[in-house]
Amino acid sequence: MIVSSMSFASAPIALEGDAILIDQLPSDVTGYWQECQHASTTPMQDSLSCDRSAQPQTDVNSTNAYRLQSLQLRFILDESIKSLYPGIIIEEIQGADELYLNGELINSTGSFPPRYENASYYSRFYFLPPEKLLFNKPNTLRLLTYSSENDNQHQYLTMTFRSFEDILARSFKKDLMLSFVAALLFMICILQLYYFLRIPGSYDALGLAGFSFLSAMFIFLNHHFVIKMGFDTNSLLRWKCVAFIFAQLALNFYLFHTYELKKHILNRSIFAFYLIFGISVLIWPSIYHLPEFYHWSKLTAFIPPLVIIGLTLFVKRSVVSKPQIFLLVSLSIYLIFLSLDVTRYSWIGLLEYRENTTLIIALVGLSVTAALVSTEKYWEYFKGATYDHLTGTLLKTSFIRRLSEEMQRCRRSDFCLLVAVIDVDQFKVINQNYGHDVGDKALVILSATLTRALRQFDLICRLKDDEFCVAATLPNGENNQAFLLRLHEEINAAAITLENNEKLSLKATTGAVIYDAKRHEAPEMLLLDAEHSVTEAKMKQRGSIHWFDTENPPLQFIF
């Protein structure tokens with residue numbers, strides 16, 4: 001008898017002899033099948049005896065250790081479930097199989113010799129033809145399997161009778177979930193390819209793109225519908241194996257670049273190993289060795305994470321960043337889930353999960369985590385091209401672009417645009433007398449003061465070491481001078497607390513201009529007038545405010 005597994009389905013009613021009564025669905029019939037001897041693949045009659053003591057017959061025509069095995073179930077269906085159109089879901093079948101109902105072949109997955117097709121690792125969703133079922137009378141199901149002698153997994157089979165709608169929904173739900181996960185990994189691949197094409201030298205993004213794409217391909221090939229569409233199952237198994245192997249190659253490439261160990265000899269050695277392994281599986285002539293290759297591909301998947309963790313903890317001398325530590329933790333979790341997949345049959349009775357379930361979780365989890373680490377890294381790159389690292393304000397190039405947008409908005413609306421350049425007085429003296437750390441602190445305090453005093457949509461830019469520029473869009477009726485005076489006073493009220501608790505007050509000189517659509521055709525011209533006005537203010541009196549006169553502009557020379 002087959003050992004029963006945990007299930008939420010109801011149990012059938014055992015009758016005299018080997019028969020069972022199924023009077024409700026779903027019904028778990030796992031523990032009621034009998035293991036029989038059968039020597040041929042021709043349809044069997046109900047009268048064929050089922051000898052439990054006999055051993056499965058080895059295929060003498062095969063050069064490999066494969067055998068034919070047979071299971072039988074005798075059951076009676078109650079008339080009350082006839083309208084539900086019963087079917088059966090079978091999990092954990094290795095190799096190929098054929099299902100006979102009352103002596104007639106009704107379903108098969110894969111093919112038996114001479115044209116053997118291995119359909120391992122796919123669930124079987126079998127519908128029982130209503131016209132061939134007998135209700136309130138004995139029926140016989142015979143399941144033939146052809147698989148390796150090493151695949152002694154009949155004790156792990158789970159078989160459940162379910163309604164037509166339930167089987168259809170479960171099949172659709174499983175494929176939908178796999179499609180969603182594959183699509184998620186494909187989007188990660190696209191994002192990483194963008195980083196690689198956009199940022200020079202970002203080879204870690206290329207490696208992660210390859211890992212995500214090949215993982216998505218591996219997951220997609222686990223769809224149930226791909227075997228229902230008539231694809232050769234041997235090719236599917238081969239490509240699943242190749243996709244997983246090359247995914248590990250890409251992961252190795254990504255990890256060694258992320259942890260700056262790309263010149264290490266182990267990087268080239270592991271890369272060469274996976275390359276040779278993947279090509280060997282791709283061109284290997286015998287289909288009978290594919291399950292062994294698939295198993296070994298999972299075992300070798302431990303290599304890159306273990307090597308990286310070992311090198312990072314015991315060999316790498318440079319400081320490991322927080323994102324790299326986060327990735328190390330993710331790699332450890334990846335190894336745990338990978339171990340759960342490889343040792344799955346050891347957990348029967350404690351944990352129940354299907355083939356490749358934890359493996360897919362491991363691939364998705366690592367891809368998402370690595371994508372987050374990569375996004376944080378390259379966000380800092382893009383942020384560095386847009387914002388000043390010290391103060392968090394816009395850089396000049398980004399400010400000019402945003403200023404141009406504000407100018408266009410003012411042309412279309414009843415608003416005015418005020419642009420002011422603020423120069424920190426005696427900034428060089430502060431650096432000389434108190435050190436650059438205090439000078440940097442002064443700039444940070446000044447930018448924080450501007451951020452607090454201005455509105456969220458106003459622009460702040462660090463033009464030079466000691467100069468900031470702000471752009472504020474104001475209603476035409478608002479007092480521009482009062483607005484700028486309030487901002488100027490808040491800056492002058494700011495102070496730095498030194499180590500000896502001494503207060504160092506900050507002072508600033510401000511030059512401002514109001515946007516004039518006729519004069520300021522480009523944002524550079526508007527900024528030039530603001531810089532000219534702050535220069536005039538510094539020449540006249542430090543700590544003052546000077547407005548640029550757009551009606552009588554001074555003569556300016558632009559070089």
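Residues numbered from 1 in each chain as written. Predicted model: local features only at pLDDT ≥ 70, side-chain atom pairs only at ≥ 80, totals over all residues. Heavy atoms only, no water.

(A) How the structure looks around the overall build of the protein. Tallying secondary structure elements over the protein gives 14 helices and 19 strands in all. Within the span of the protein, comprising 559 residues, buried residues form 51% of the whole. In the protein, once contacts between residues fewer than 6 apart in sequence are set aside, the share between residues at least 24 apart is 74%. Within the structure as shown, the protein displays about 27500 Å² of accessible surface, and the carbon and sulfur contribution to it stands at 59%. (Helix = DSSP H or I, 4+ residues; strand = E, 2+ residues; numbered from the N terminus. Buried < 20%, exposed > 50% of the residue type's maximum accessible area, 1.4 Å probe, protein only. Contact = heavy atoms within 4.5 Å. Areas by Shrake-Rupley, 256 points an atom, 1.4 Å probe, with all protein chains shown as cover.)

(B) The arrangement of helix α2 (residues 203–220) in detail. Here α2 is 18 residues long and its end C-alpha atoms lie 26 Å apart, about the 26 Å a rise of 1.5 Å per residue gives. The complete set of buried residues in α2 reads D204, A205, G207, L208, A209, F211, S212, L214, S215, A216, F218 and I219. (Expected span 1.5 Å × (residues − 1).)

(C) Spotlight on the pattern of salt bridges. Overall, the coordinates contain 19 salt bridges when judged by the stated rule. When the shortest N-O distance is used, the salt bridge between D388 and R462 registers 3.2 Å. Of this pair, D388 sits in the loop between α9 (357–386) and α10 (396–412) while R462 sits in strand β14 (residues 459–462), and the two are 74 residues apart along the sequence. Here D388 and R462 have matching classes, each one buried. Between K538 and D423 there is a salt bridge, with the nearest N and O atoms lying 3.5 Å from each other. In this pair, K538 is assigned in helix α14 (residues 523–540) and D423 in strand β13 (residues 415–424), connecting sequence segments 115 residues apart. Here K538 falls in the partly exposed class, since its relative accessible area comes to 25%. Residue classification places D423 among the buried positions, given a relative accessible area of 2%. (Salt bridge = Lys/Arg side-chain N within 4 Å of Asp/Glu carboxyl O.)

(D) Region of the structure containing the sheet that holds strand β3 (residues 27–28). Strand order in the open sheet formed by four strands is β3-β12-β7-β10, with antiparallel pairing between adjacent strands. Looking at the sheet topology across the chains shown, the edges are occupied by β3 and β10 (124–127). Of the strand pairs in this sheet, strand β7 (residues 87–91) and β10 are connected by four bridges, and their pairing is antiparallel. Across the sheet, residue I89 finds its bridge partner in β10, namely F125. The strands that helix α1 (residues 164–198) touches are β7, β10 and β12 (158–162); relative to β10, the one it contacts most, it runs at about 155°. (Pairing = 2+ DSSP bridges. Axes fitted to C-alpha atoms, helices over the stretch in contact; angles between N-to-C directions.)

(E) Region of the structure containing the packing of helix α7 (residues 303–314) against helix α8 (residues 322–342). Relative orientation of the contacting elements α7 and α8 amounts to 145°, with a least axis distance of 10 Å. The two elements α7 and α8 cross, and the hand of that crossing is left-handed. For the pair formed by α7 and α8, the contact residues are P305, L306, I308, I309 and T312 on the first element and L328, L331, S332, Y334 and L335 on the second. When grouped by side-chain class, the residues that make up the contact of α7 with α8 number eight nonpolar, two polar and no charged. (Left-handed = near helix turned anticlockwise from the far one by under 90°. Nonpolar A, V, L, I, M, F, W, Y, C, P; charged D, E, K, R; others polar.)

(F) View of the state of the cysteines. Summed over all chains, the structure comprises zero disulfides. With no disulfide of its own, C410 has C416 as its nearest cysteine by sulfur position, at a separation of 7.1 Å. Looking at C469, it has no disulfide partner, and the nearest cysteine sulfur is the one in C461, 6.1 Å off. (Disulfide = S-S within 2.5 Å.)

(G) Focus on the pairing of strand β6 (residues 66–77). With respect to burial, β6 is a largely interior element, 11 of its 12 residues being buried. Both strand β2 (residues 19–22) and β6 contribute to a ladder of four bridges, which runs parallel. Residue pairing across strands places A19 opposite R74, the latter belonging to β6. Pairing of strand β4 (residues 34–36) with β6 involves three bridges; the strand directions are antiparallel. Residue pairing in the sheet places C36 in a bridge with S70 of β6. Bridge count for β6 against strand β11 (residues 138–148) is 11 bridges, and the pairing is antiparallel. Residue pairing in the sheet places Y66 in a bridge with S148 of β11.

(H) The arrangement of the nonpolar core in detail. Within the largest apolar cluster, 55 residues are counted, with the highest numbers of intra-cluster contacts made by F211, F218, I219, L255, I308 and Y334. Mapped onto this core, the elements with two or more residues apiece are α1, α2, α4 (233–258), α5 (265–283), α6 (290–300), α7, α8 and α9. At 14 residues, the largest contribution of residues to this core is made by α4. Within the second largest apolar cluster, 25 residues are counted, among which are F75, I93, L157 and F161. (Core = buried A, V, L, I, M, F, W, Y, C linked by side-chain atoms within 4.5 Å.)

(I) Region of interest: the sheet that holds β13. Strands sit in the order β14-β15-β13-β18-β19 across an open sheet of five strands; the sheet is mixed. The sheet is open, and its two borders are formed by β14 and β19 (545–547), each paired with just one other strand. Neighbour to neighbour, the strand axes of the sheet diverge by 20° on average, direction disregarded.

(J) Structural view of the confidence of the model for the protein. Averaged over all residues, the pLDDT of the protein is 85; the fraction at 70 or higher stands at 89%. Confidence, read as mean pLDDT per element, is least for strand β5 (residues 57–58) in the protein (50) and greatest for α2 (95). Throughout residues 39–48 the model reports pLDDT below 50, and contacts reaching past four residues in sequence, or to other chains, amount to 24 contacts. (pLDDT = per-residue confidence, 0-100.)

(K) Looking closely at unusual backbone geometry. Residue P26 is reached from L25 by a cis peptide bond, and omega for that bond is 0°. With respect to the helices, strands and loops of the structure, P26 is situated in the loop between β2 and β3. The linkage connecting P113 with the following residue, P114, adopts the cis geometry, with an omega of 15°. Along the chain, the position of P114 falls in the loop between β9 (104–109) and β10. Of note in the backbone geometry, N136 takes a positive phi value of approximately 65° without being a glycine. Topologically, N136 is positioned in the loop between β10 and β11. On the basis of relative accessibility, which here comes to 47%, the residue N136 falls in the partly exposed class.

(L) Region of the structure containing the side chain of N480. The residue N480 is located in helix α13 (residues 480–492) in this model. With a relative accessible area of 16%, N480 lands in the buried category. The residues contacting N480, other than those within four sequence positions of it, are C416, L418, L474, I514 and W547.

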